[in-house]
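# A structural walkthrough
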Amino acid sequence: MTIKVRMIPHIDDIQSGVSGIHSLVRKYFEHLPEYGIDLVGKKDDSFDLFAVHAGTAGKYPAGVPSVSHLHGLYFSADYPALSWEWAANASVIDSIRRSNEITVPSEWVADVIRRDCRISPTIIPHGIDWDEWQHSYPNGEYVLAYAKNRVMDV
C-alpha cells in the first residue's frame, strides 16, 4: 500500500537551503519512498496526507488529514523577540490547531508544547543516516549536540 503525501516545504523549494528543517526534508524525500510513502509534487492535488513543517503552510486542504512536524517555538517572553519570531510562533500555533497529529523531535520540545499549548505530541527523533555523523576524532568523553544555523536565539 502506498500513501501519497504532500509535504511543505517541498524538496523543490529547498534544494540549496541551509537549516535543520531543510536537511530533514531532503532526508525524508530520500528515504520515505522506500517505506511506501509517495511524496507528491507540490502542485499535485491528489494525496492522502498533508505534512507541514513548523507551520510553513499557508493553506490547509479541506477534508485531508494533516500532520504538523514541529521543531520548537521561539521563547518570545524570555528576550526581545523580533517580529518574524512572533510570526513564526503564530504559524506554528495555527499548524497545531489545524493538524490531526503533531510530532516533535525530542522530549525537550515535547515538554514545551505540552506546557505552552496543552497538547501531547508524538516524539519522532531526527536520527537519520547515523553513519554520516560518525568520526574518529577524540571526543574528550563528551558529546556536543548543536544543530542550529544561527546563534541569536539559541
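Notes on the structure follow. (Residues numbered from 1 in each chain as written. Predicted model: local features only at pLDDT ≥ 70, side-chain atom pairs only at ≥ 80, totals over all residues. Heavy atoms only, no water.)

## A few points about the sheet that holds strand E5 (residues 101-104)
Judged by pairing direction, the sheet is parallel, and its six strands sit side by side in the order E2-E1-E3-E4-E5-E6 without closing on themselves. Every interior strand has two partners, whereas the edge strands, strand E2 (37-39) and strand E6 (122-123), have only one. When strand E1 (residues 3-8) meets strand E3 (residues 49-53), the two strands line up parallel, connected through four bridges. For Val5, the partnering residue across the bridge sits in E3 and is Leu49. (Pairing = 2+ DSSP bridges. Helix = DSSP H or I, 4+ residues; strand = E, 2+ residues; numbered from the N terminus.)

## Focus on unusual backbone geometry
Cis rather than trans, the peptide bond between Ile8 and Pro9 has omega equal to 0°. Residue placement: Pro9 occurs in the loop between E1 and helix H1 (20-31). Of note in the backbone geometry, Ala54 takes a positive phi value of approximately 55° without being a glycine. Summarising the element assignment, Ala54 is placed in the loop between E3 and strand E4 (66-69). If you check the backbone angles, Arg118 has positive phi at about 60° while not being a glycine. Residue classification places Arg118 among the exposed positions, given a relative accessible area of 67%. (Buried < 20%, exposed > 50% of the residue type's maximum accessible area, 1.4 Å probe, protein only.)

## Observations regarding the pattern of salt bridges
Scanning the entire structure with this criterion turns up nine salt bridges. For the salt bridge of Lys27 with Glu30, the shortest nitrogen-to-oxygen distance reads 3.5 Å. On the criterion of helical spacing, the pair formed by Lys27 and Glu30 is a turn pair, its members being three residues apart in helix H1. Between Asp94 and Arg98 there is a salt bridge whose closest N-O contact spans 3.0 Å. Residue Asp94 and its partner Arg98 are located together in helix H2 (residues 83-98), separated by four residues, close to a single helical turn. (Salt bridge = Lys/Arg side-chain N within 4 Å of Asp/Glu carboxyl O.)

## Let's talk about the pairing of E3
Across the five residues that make up E3, a large majority, four, are buried. The pairing of E3 with E4 spans four bridges and is classified as parallel. When the sheet's bridge partners are listed, Val52 is paired in E4 with Ser68.

## Some thoughts on the side chain of Ser66
Tracing the chain through its elements places Ser66 in strand E4. For Ser66, the residues in contact, after removing those within four places along its chain, are Leu49, Phe50, Tyr60, Arg98, Ser99, Asn100 and Glu101. (Contact = heavy atoms within 4.5 Å.)

Honestly, it's all geometry; don't read function into it.
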